[in-house]
Amino acid sequence: MKTEPAQFVSLLIDHQEIIRSFIITQIPGSPDVRDILQEVNIVLWEKRASFKLGTNFGAWACSIARFKVLEHWRKEARRRGVLVFNDELSTSLADKTQDRDPGLIEEQREALEHCMSKLSEKNRRLLEVRYSSRSGGLEKLTKDTGRTNQSLRVTLFRLRTSLRNCVRSYLFAKGELS
Amino acid sequence: MNPDEFEKSVWSLLDGSLDEEGFRKLEEFLIEQDEAQEQFVRMVDLHGILIQKLSDQGAPPSVFSMDEVVRRQKRRYFKQSAMAAAAVLVLVAMVMKGVFMKPAEPLLTIRHSEDAVFQVTHASEEDGDGGGLTLEKGSRLQLSQGGVELTLQSGVQALVRAPADLTLHDDDRIYQSLGISHFVVPPSGVGFQVQTPDLLVTDLGTEFGVISSPDELDQVHLFKGKVVVENHWGVRHKERLEGLQSRRAGPAGRLNPVDSRPELFMTSLEDKPSYLRLSFDDLKRDEFVISGNHPDAPGIRATLLDSTREDKRPGIVAGKFGKALELHGHGGCVQTNWPGISGRSPRSVAFWVKLPAEIEGPHKQRGFLTWGDTDIEAGKFELIVNRHRSIGPWGAIRFDCGKGHVVGETNLYDGEWHHVAVVMGGVVDPASGMKVQLYVDGELETITGFLRNEPDTIPGTDESSWMSVGRYLHAGSPNEGYLIGTLDELYVFSGALTQADIRQVMNGDW
């Protein structure tokens, strides 16, 4: 069955997090995930005619993403010494990532929204600085707070662990997790 | 791998800060544990959602057709690729001696000390034809050791001490995110500006110094003439300074007076790293005199702490050169008020030591020198005598940074004087692949050990220790960890010495 453009865009938007997670599991620690995701989106759009509506969009998109990741690693990441998991592990992680329901990701986003609303302003700002491209990294925050970079990183680790536990509890309470 | 270690490893990996050894351990754990893979994927999901939620990139706008979106993405990607192709020149000038170039075209030329280690990055491939010794608009200079002299087209001169990070924004403006710099501005350069994360300093015909550091608020020290200084933050206080005035940026946006410290700033290129020296020759009321040309030297106090036992009190005895400090454990040591050299800055420590051939009672861990944070991995800088045969030769010098150590080979417990030196951050040791060298009596030791992370010393936290001599920080009881032995001619250098330098220090010729 042919996929209408609007249907394809809807599928593409719904699966952005799955594709992003897939890319991260294949080249964890690389700073180029956003760039690769952009490239993958372009290729997916150009190849939209080859997708059959009703089949697994996540698996199809991730199979194309895998080629882009490999291409990137060969050109850039390997030269820069970015480490990647061995083939067996990469394949296993790919299988676990690509077949998930986009709805679950949406539930996680909702849970995260709830958990972040419980954070203090200070801790929320630390997360924003870490994840926002505008704030210039933790260096500016060390100046604002008088804390060292290492000390902020320790706090960041504790914060993310706490968020993860909160998300898990929220989803469990909603019956989304067994 | 326990759950805590697993979680730390994953977040470090996603932040791009996990080293190869940690990566392989994590990989092995994930291969063995299917459940860990599930957990890893969930953590990646959370990480991805945080990126999407908090970054400045959103979903494509729905009002445009997808073809338009793809055309826009392709244009943006091309622009990013072009910028990503910028030339990066890495110049390591460990042995070049004061090369001076003064071409007509470059905005800024560089002259450097013999021991300088720096990296120049240009904004475009066309810039930087001066062999890495010129800067153009947008060029960045990162100095990790030594000093450089910068000369702008306008005649402005700057002497910069490592560690430093400067970017040339324009022919009359420099951005300094890190460093201690001394600027001399001739009449032709009036209007020259130095911008830091906290301050904007505008010259009105003068000589001034700027200090910027990620750990403290920035400062301007005026030596001659006039400047206007403005705080970027809060109330954005602006002030005109004249004569010998100095200001520190206040957190709320004010400018707070501070003591003028001209001794902190270089007035000429120094060919050797700055240093502190503790000779133990001069003891005045329980305080040793600290000498040396390190900018912090005049303000450092080195207090001799007494032992808890009357029969184990420290003493001053004949040393290798002049007098030496004899320690008998039980709390006797020297405590300073100096935080030590921080971060990954190269450094060297050298001293003479005589350890007894026999020690009564069980051998305990004994320390030579220590500073930094013991609670954070790789956060401390510590030199001790190794007593764990499983780690390395017993009695050998051991460098420990917390979850990482390097051990020499020579047993120092022989009742004889030995010269010991530790160099961190210099050249890579070919045998071990690590940037740490250990020397005994001027000879390079064969080393064993591992560094899980590159040492990144953290002074200035609640858990940090200021530099102490003759003591080991992680002792199990109040009386453990203190040195039993004699120390003489302790030097701490703010740079990586060569073997020839170390032999010079050893012979008393520094």
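Note that the coordinates shown come from a computational prediction; the quantities given were computed from them, not determined experimentally.

Rules used throughout
- Residues numbered from 1 in each chain as written.
- Chains lettered and ligands numbered in written order.
- Predicted model: local features only at pLDDT ≥ 70, side-chain atom pairs only at ≥ 80, totals over all residues.
- Heavy atoms only, no water.
- Helix = DSSP H or I, 4+ residues; strand = E, 2+ residues; numbered from the N terminus.
- Contact = heavy atoms within 4.5 Å.
- Areas by Shrake-Rupley, 256 points an atom, 1.4 Å probe, with all protein chains shown as cover.
- Buried area = accessible area lost by both parts, 1.4 Å probe.
- Salt bridge = Lys/Arg side-chain N within 4 Å of Asp/Glu carboxyl O.
- Nonpolar A, V, L, I, M, F, W, Y, C, P; charged D, E, K, R; others polar.
- pLDDT = per-residue confidence, 0-100.
- Buried < 20%, exposed > 50% of the residue type's maximum accessible area, 1.4 Å probe, protein only.
- Pairing = 2+ DSSP bridges.
- Axes fitted to C-alpha atoms, helices over the stretch in contact; angles between N-to-C directions.
- Parallel < 35°, antiparallel > 145°, perpendicular 65-115°, else oblique.
- Left-handed = near helix turned anticlockwise from the far one by under 90°.
- Disulfide = S-S within 2.5 Å.
- Expected span 1.5 Å × (residues − 1).
- Polar contact = N/O pair within 3.5 Å; in protein donor to acceptor, adjacent residues only side chain to side chain.

J.: Quick question: what am I supposed to make of the overall build of chain A here?
T.: Scanning chain A from terminus to terminus reveals 9 helices and 0 strands. Ordering the α and β elements of chain A from the N terminus gives α-α-α-α-α-α-α-α-α. In chain A, once contacts between residues fewer than 6 apart in sequence are set aside, the share between residues at least 24 apart is 70%. With the model as given, the accessible surface of chain A reaches about 8900 Å², and the carbon-plus-sulfur share is 51%.

J.: Where do I start with the interface of chain A and chain B in this structure?
T.: Think of interface size as the accessible area that goes away when the parts come together; that is how it is often given. Taken together, the 54 residues of chain A in the interface contact 60 residues of chain B. Both faces considered, chain A and chain B share a buried interface measuring about 5500 Å² in area, 63% of it formed by carbon and sulfur atoms. Per-residue buried area on chain A facing chain B is highest for Tyr 131, Lys 143 and Arg 164 of chain A; these three make up 14% of the total on that side. Our count for the contact surface shared by chain A and chain B stands at 6 salt bridges. One salt bridge connects Asp 34 of chain B with Lys 96 of chain A, and the closest N-O pair in it is separated by 2.8 Å. When residues of the side of chain A that touches chain B are traced back to their parent elements, those giving at least two are helix 1 (5-14), helix 2 (16-26), helix 3 (33-46), helix 5 (87-98), helix 6 (102-116), helix 7 (121-131), helix 8 (138-145) and helix 9 (149-173) of chain A. Across the side of chain A that touches chain B, the residue classes break down as 19 nonpolar, 15 polar and 20 charged.

J.: How should the confidence of the model for chain A be read in this particular structure?
T.: Overall, the prediction assigns chain A a mean pLDDT of 82, with 87% of residues at 70 or greater. Across chain A, the element-wise mean pLDDT spans from 70 in helix 8 of chain A up to 91 in helix 2 of chain A.

J.: How should I be thinking about the pairing of strand 32 (residues 484-493) of chain B in this particular structure?
T.: Here is the key point about a regular strand: its side chains alternate between the two faces of the sheet. Residues and elements named next belong to chain B. Among the 10 residues that make up strand 32, 10 are buried, leaving the element largely enclosed by the rest of the structure. For strand 15 (residues 275-278) and strand 32, the ladder comprises 4 bridges, and the chain directions are antiparallel. Paired with Leu 278 across the two strands is Leu 490, which belongs to strand 32. Both strand 22 (residues 347-354) and strand 32 contribute to a ladder of 6 bridges, which runs antiparallel.

J.: Could you clarify how one ought to interpret the packing of helix 2 of chain A against helix 3 of chain A in this entry?
T.: Angle between the axes and distance between the axes are the two parameters that describe a pair of packed helices. Residue and element names in this part refer to chain A. Viewed as axis vectors pointing N to C, helix 2 and helix 3 meet at an angle of 125°, and their least axial separation amounts to 10 Å. On the basis of their axis angle, the class for helix 2 and helix 3 is oblique. In this structure, the crossing between helix 2 and helix 3 has a hand that is right-handed. Seen from helix 2, the contacting residues are Gln 16, Ile 19, Arg 20, Ile 23 and Ile 24; seen from helix 3, they are Val 33, Ile 36, Leu 37, Val 40, Asn 41 and Leu 44.

J.: Hey, could you run me through the state of the cysteines in this one?
T.: Each disulfide consists of a covalent bond between the sulfur atoms of two cysteine residues. Residue and element names in this part refer to chain A. Tallied over the entire structure, the rule returns 1 disulfide over all chains. Disulfide pairing is shown between Cys 115 and Cys 166; the S-S distance is 2.1 Å. Here the disulfide of Cys 115 and Cys 166 is left-handed, its torsion about the S-S bond being about -90°. Residue Cys 115 is found in helix 6, and its partner Cys 166 is found in helix 9; the two are separated by 51 residues along the sequence. Its relative accessible area of 3% is what places Cys 115 among the buried residues.

J.: What should I look at first to understand the pairing of strand 2 (residues 108-112) of chain B in this one?
T.: Residues and elements named next belong to chain B. Within strand 2, 4 of the 5 residues are buried, which leaves the element mostly enclosed by the surrounding structure. Bridging between strand 2 and strand 6 (residues 147-152) involves 5 bridges; their strand directions are antiparallel. Note on strand 6: the bridge partner recorded for Thr 109 is Thr 151.

J.: Sorry if this is basic, but what is going on with helix 1 (residues 3-14) of chain B here?
T.: Note that an α-helix has 3.6 residues per turn; residues three or four places apart therefore point the same way. The end-to-end C-alpha separation of helix 1 of chain B is 17 Å, in line with the 16 Å expected for 12 residues at 1.5 Å each. Every buried residue of helix 1 of chain B is accounted for by Phe 6, Glu 7, Ser 9, Val 10, Trp 11, Leu 13 and Leu 14 of chain B. Elements that come into contact with the buried residues of helix 1 of chain B comprise helix 2, helix 7 and helix 9 of chain A together with helix 2 (20-32) and helix 3 (34-54) of chain B. Sitting at the amino-terminal end of helix 1 of chain B is Asn 2 of chain B, which places a side-chain oxygen 3.0 Å from the backbone nitrogen of Asp 4 of chain B.

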